[in-house]
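Okay, here's what each chain looks like letter by letter:
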Protein chains: 2
Amino acid sequence: MTTRKALDAAVTDLMQAIGLLVRRARVVGASQELSWTESFVIGRLAKDGPATTAELARAEGVKPQSMGTTIAVLEDMGLVERTPHPTDGRQVNIALTAKGAAMRKHSKDAKLAWLAEAVARLDEQERDTLFKAGEIINRLVKH
Amino acid sequence: MTTRKALDAAVTDLMQAIGLLVRRARVVGASQELSWTESFVIGRLAKDGPATTAELARAEGVKPQSMGTTIAVLEDMGLVERTPHPTDGRQVNIALTAKGAAMRKHSKDAKLAWLAEAVARLDEQERDTLFKAGEIINRLVKH
DNA sequence: TATTGTTATACTCTATAACTATA
DNA sequence: TATAGTTATAGAGTATAACAATA
């Protein structure tokens with residue numbers, strides 16, 4: 001049953017479903033102030049504390065230059081702030097501001113809220129499958 | 001265990017994993033000739049036969065105008081062809097060409113090939129979880 | 001020289017808006 | 001009028017390239 005062909009078909013279906021999910025979430029959150037990467041940066045800073053541009057870029061799977069752009073946007077919004085690294089003059093520490101922490105707490109992200117609501121309507125077992133799949137994907141993308 | 005807060009956290013983790021997967025796949029297939037949507041259009045045409053622009057747009061979760069652009073690209077590559085609808089002069093039928101069918105058969109898509117390979121290395125149970133999650137997501141996005 | 005980050009520019013995918021042709 | 005599709009333009013997100021500052 002696990003012929004190469006069947007596997008390819010199943011993987012294609014999986015990615016199509018994921019593609020639909022991502023597009024759907026984008027539409028739902030179109031009027032929202034935070035993009036995916038922006039949300040995740042806020043979440044990461046809230047969970048693990050301040051980090052450098054390079055660290056955040058690695059965590060999100062984007063180039064440091066792209067992360068720099070994202071951080072500039074968040075800084076303009078007053079959600080994060082840059083402070084110089086204590087010993088290494090090249091590095092810059094990115095930290096949540098009080099406003100950023102508050103936004104995180106109030107979970108203002110429409111995209112995630114929409115998905116959370118949909119997931120909440122699933123039964124226990126399906127939710128479990130979904131979250132287990134998330135863990136598996138996490139392992140996959142890290143080689 | 002299913003407090004709202006725990007659910008939000010789990011959903012956030014899930015979407016972050018999915019975000020990483022999508023970006024990772026993009027990097028892997030950067031030198032490739034087909035985008036996600038292009039691949040899926042080819043796949044859909046191969047599986048279900050010819051379709052109109054509007055049908056394809058609905059299936060992929062994009063606007064008809066965006067799908068029109070995608071189809072134009074595929075047509076330039078010689079992978080699909082437009083033929084007038086037999087009875088309704090407004091509609092256009094999109095069908096795979098021989099070249100498109102061949103490309104589909106040889107599974108030239110580096111992004112999917114990379115993922116298929118990674119999935120093949122999982123054990124039976126994990127693969128199953130992943131594909132079940134795909135079905136659940138499919139239901140979620142369709143309301 | 002290697003590393004961290006910034007600035008400038010370009011590309012990909014999708015959206016909105018305005019239009020044509022057919023029903 | 002309503003529907004299918006096309007064309008033009010814009011926006012979001014990320015990439016590459018070139019650069020400055022520091023280690």
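Summarised in this report is the structure supplied together with it. This one's a predicted model, so the numbers in the text were calculated from it and none came from an experiment.

1. Some thoughts on the protein's contact with DNA strand D
Near DNA strand D you find 20 residues, and of these S35(A), K63(A), S66(A), G89(A) and R82(B) are the closest. A share of 75% is what sugar and phosphate atoms reach among the atoms of DNA strand D within 4 Å of the protein. A distance of 3.0 Å separates a phosphate oxygen of DNA strand D from a polar backbone atom of A54(B). With respect to DNA strand D, the backbone of V92(B) contributes an N or O atom lying 3.2 Å from a phosphate oxygen. Listing elements by their share of the surface near DNA strand D, those giving two or more residues are α4 (64–76) of chain A together with α1 (4–28) and α3 (53–60) of chain B.

2. Focus on the protein's contact with DNA strand C
In the vicinity of DNA strand C lie 20 residues, with R82(A), S35(B), K63(B), G89(B) and R90(B) positioned nearest. R90(A) places a side-chain nitrogen or oxygen 3.1 Å from a base oxygen of DNA strand C. V92(A) is positioned such that a nitrogen or oxygen atom in its backbone is 3.2 Å from a phosphate oxygen of DNA strand C. Its residues placed into classes, the surface near DNA strand C shows 3 nonpolar, 10 polar and 7 charged.

3. Section: the sheet that holds strand β3 (residues 92–96) of chain A
Residues and elements named next belong to chain A. What the 3 strands build is an open sheet, ordered β1-β3-β2; its pairing is antiparallel. Among the strands making up the open sheet, the edge pair consists of β1 (51–52) and β2 (80–84). Across 5 bridges, β2 lies against β3 in antiparallel orientation. Counted as the bridge partner of T83 is N93 from β3. Across the sheet, helix α2 (residues 36–48) is in contact with β1, β2 and β3; its angle to β3 comes to roughly 90°.

4. Section: the sheet that holds strand β2 (residues 80–84) of chain B
One key point about sheets: their strands pair by backbone hydrogen bonds, in either a parallel or an antiparallel sense. Residue and element names in this part refer to chain B. With antiparallel pairing, 3 strands are arranged side by side in an open sheet as β1-β3-β2. Strands at the two margins of the open sheet, each flanked by one partner only, are β1 (51–52) and β2. Looking at chain direction, β1 and strand β3 (residues 92–96) are connected through 2 bridges and run antiparallel. When the sheet's bridge partners are listed, T52 is paired in β3 with N93. Of the strands in this sheet, β1, β2 and β3 touch helix α2 (residues 36–48), which is tilted by about 90° from β3.

Cut-offs used in this document
- Residues numbered from 1 in each chain as written.
- Chains lettered and ligands numbered in written order.
- Predicted model: local features only at pLDDT ≥ 70, side-chain atom pairs only at ≥ 80, totals over all residues.
- Heavy atoms only, no water.
- Near = heavy atom within 4 Å.
- Polar contact = N/O pair within 3.5 Å; in protein donor to acceptor, adjacent residues only side chain to side chain.
- Helix = DSSP H or I, 4+ residues; strand = E, 2+ residues; numbered from the N terminus.
- Nonpolar A, V, L, I, M, F, W, Y, C, P; charged D, E, K, R; others polar.
- Pairing = 2+ DSSP bridges.
- Contact = heavy atoms within 4.5 Å.
- Axes fitted to C-alpha atoms, helices over the stretch in contact; angles between N-to-C directions.

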